[in-house]
Amino acid sequence: MIPAGALTWLASPGLLPLWTAVHARLVRNGRTVSGRLTLTGLDDDQRDAVGRLLGRAVAARHPVSLDDLDRLLRDSAAGTGLLGVVETVVGPVPDRRADVAAEAARRAMLREHANAALVAAGLGGRGWAADWLDRLWRGGLPARLPTDEVRRIVGQAATTLGLTVGERAGLWSRGELAQVVTGSAHGLDDDTPLTRLVLRGLALAVTGEPDQPAGAAARRALWEAAGVTTDTVATTALTYGLRPLGAGWHAAQLRTRADEGAETHLTLRDVRRLGPLSLAPQTVYVCENPRVLEAAAEAGVVVPIVCTMGNPTTVTRAVLDAVTASPGVRLAYHGDFDWPGIAIAERIIGRYDARPWRFTAADYRQAVTAAAGRGTPLRPLTGRAATASWDPALAEAMSGTGLAVHEEAVIEILLADLAGPALRA
């Protein structure tokens, strides 16, 4: 404790510039009393006050040794050193070096926790997941939130990603997923911090883009691509010709509609109530565009068809999961010859071990030649090139011509395949 009389003198306005300058220097020094500083800009009263403290005249630019000042104060009526006087008069001197070291240790600890959360979620070996964490850390997430909040939100985000695009991926409504991960059906509502983190991870996993998409429709599409739908009744999958075995009314209804040549829209709730479809061993054809299924129905074909209607939604994936649960059922896939179409095919062929249906480099070249012969204009390829693992030459051929061929342009060839087994009477 500094005696009251000494403190009154030390805290006088004339000495305040000195203590302020020393405070700043001690902050830079990490609270270490050493080195020198130069006082400038003092008025006459301030130079007089500092001179009386130091015991000598003070010039317009006057050097001050912190070590000497520290000894002077310890030997004075203050009875304490420079650090004690400055903290009493000006305020606490933070140890910035220690603070920086502590923050670095905290960030490292949080990153270890985050890495462990990825491993626990089944994402430890996914390159996009490590990239996701790197981007969160570079963006300052640990600095913006308290330690416990960082651990909670990153852990929940990793769990969500693991349940949607990881090894344990399933098909969910968003409310169900939120309830499982957060304990609240609203835990993944739009514009929450957790949802923003999850969408950034999904974007990297599904599209390779580092940022969540802008706009509600694009965000819903990203959720759907990851197997998460808004609810279990609003979105449907388009099917045709499914004839599941069994006596249940759901199965009987599908058989009746197939016999009548009628397409069927199934909700996720429908698919869950049906359970795994018991189908006879057969090929189920999968197309990307509804016009193919429509043309098949109009032609009276009898083979089963599922249409993804673009990127497969959660309910479409649920239908394909149910279909392929039957032994001896194999999917045959065809889509648009454009980069999004190749990316969709890559996911379906990889997930279901589907065989490509008229979807090779030779088929692409034939389609381009046929379109040219008919005088049908083809649009240029746009977007990021994709890899066709089932036929690497396909992506090379597409890059070489730079033209997109949509399913509607080859519909006659596809119908010939579909009509091959038999036609509905």
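Quick caveat: nothing in here was measured; it's all calculated off a predicted structure.

Draft legend 1. Representation of the overall build of the protein chain within the structure. Helix and strand content of the protein chain: 20 helices and 10 strands. A globule of 425 residues ought to have a C-alpha radius of gyration of about 22 Å, yet the protein chain, at 35 Å, is considerably larger. Seen through its C-alpha atoms, the protein chain measures out along the principal axes to roughly 115 × 50 × 30 Å. The buried share of the protein chain, reckoned over its 425 residues, is 47%.

Draft legend 2. Seen up close, the packing of aromatic side chains. This structure, assessed with the given rule, holds 5 aromatic pairs. Ring geometry for Tyr285 and Trp357: centres 4.8 Å apart, planes at 65°, overall edge-to-face. Here Tyr285 is found in strand β7 (residues 282-287), whereas its partner Trp357 is found in the loop between β10 (355-356) and α18 (361-374), with 72 residues between them in sequence. Given a relative accessible area of 10%, Tyr285 falls into the buried group. Residue Trp357 is classed as buried on the basis of its relative accessible area, which comes to 3%. The structure contains a cluster of three or more aromatic residues connected by ring pairs, namely Tyr333, Phe337, Phe359, Tyr364 and Trp390.

Draft legend 3. Quick peek at the sheet that holds strand β8 (residues 305-307). Taken in spatial order, the 6 strands line up as β6-β5-β8-β7-β9-β10 in an open sheet, and their pairing is mixed. Edge positions in the sheet fall to β6 (263-267) and β10, since each has one partner strand and no second. Of the strand pairs in this sheet, strand β9 (residues 329-333) and β10 are connected by 2 bridges, and their pairing is parallel. Across the sheet, Ala332 pairs through a bridge with Arg355, a residue of β10. Taken strand by strand, helix α15 (residues 290-299) contacts β5 (236-240), β6, β7 and β8, and its axis lies near 35° from that of β5.

Draft legend 4. Representation of the environment of Ala130 in the model. Along the chain, Ala130 falls in helix α7 (residues 127-138). Taking relative accessible area as the criterion, Ala130 reaches 35% and is therefore assigned partly exposed. Spatially, the C-alpha atom of Ala130 lies 14 Å from that of Gly155, the residues being 25 residues apart in sequence. Not counting residues up to four positions away in its chain, the partners in contact with Ala130 are Arg111 and Leu118.

Draft legend 5. Summary view of the nonpolar core. Counting 66 residues, the largest nonpolar core has Ile305, Val323, Ile342, Leu394 and Leu418 as the members making the most contacts within it. If one sorts the elements of this core by residue count, helix α17 (residues 339-352) sits on top with 7 residues. Non-local contacts of Val323, meaning those with residues more than four positions away in its chain, are made with Leu242, Leu277, Leu279, Val284, Val329 and Leu331. Membership of the second largest hydrophobic core comes to 39 residues, among which are Val150, Ala158, Leu163 and Val206.

Draft legend 6. Region of interest: the environment of Ala203. Tracing the chain through its elements places Ala203 in helix α11 (residues 193-206). For Ala203, a relative accessible area of 2% gives the class buried. For Ala203 and Val329, which are 126 residues apart along the polypeptide, the C-alpha to C-alpha distance reads 32 Å.

Draft legend 7. View of the packing of helix α9 (residues 147-165) against α11. The geometry of α9 relative to α11 is characterised by a closest axis approach of 9 Å and an angle of 40° between their N-to-C directions. Of the possible angle classes, the one that applies to α9 and α11 is oblique. The hand of the α9/α11 crossing is right-handed. Across from Ile153, Gln156, Ala157, Thr160, Leu161, Thr164 and Val165 in α9, the residues of α11 making contact are Pro193, Leu194, Leu197, Val198, Gly201, Leu202, Ala205 and Val206. Broken down by class, the residue content of the contact of α9 with α11 amounts to 11 nonpolar, 4 polar and no charged.

Rules used throughout
- Residues numbered from 1 in each chain as written.
- Predicted model: local features only at pLDDT ≥ 70, side-chain atom pairs only at ≥ 80, totals over all residues.
- Heavy atoms only, no water.
- Helix = DSSP H or I, 4+ residues; strand = E, 2+ residues; numbered from the N terminus.
- Rg over C-alpha atoms; globule rule 2.2 N^0.38 Å.
- Buried < 20%, exposed > 50% of the residue type's maximum accessible area, 1.4 Å probe, protein only.
- Phe/Tyr/Trp six-rings, centres within 6.5 Å; stacked < 30°, edge-to-face > 60°.
- Pairing = 2+ DSSP bridges.
- Contact = heavy atoms within 4.5 Å.
- Axes fitted to C-alpha atoms, helices over the stretch in contact; angles between N-to-C directions.
- Core = buried A, V, L, I, M, F, W, Y, C linked by side-chain atoms within 4.5 Å.
- Parallel < 35°, antiparallel > 145°, perpendicular 65-115°, else oblique.
- Left-handed = near helix turned anticlockwise from the far one by under 90°.
- Nonpolar A, V, L, I, M, F, W, Y, C, P; charged D, E, K, R; others polar.

That's the geometry; what it means functionally is another story.
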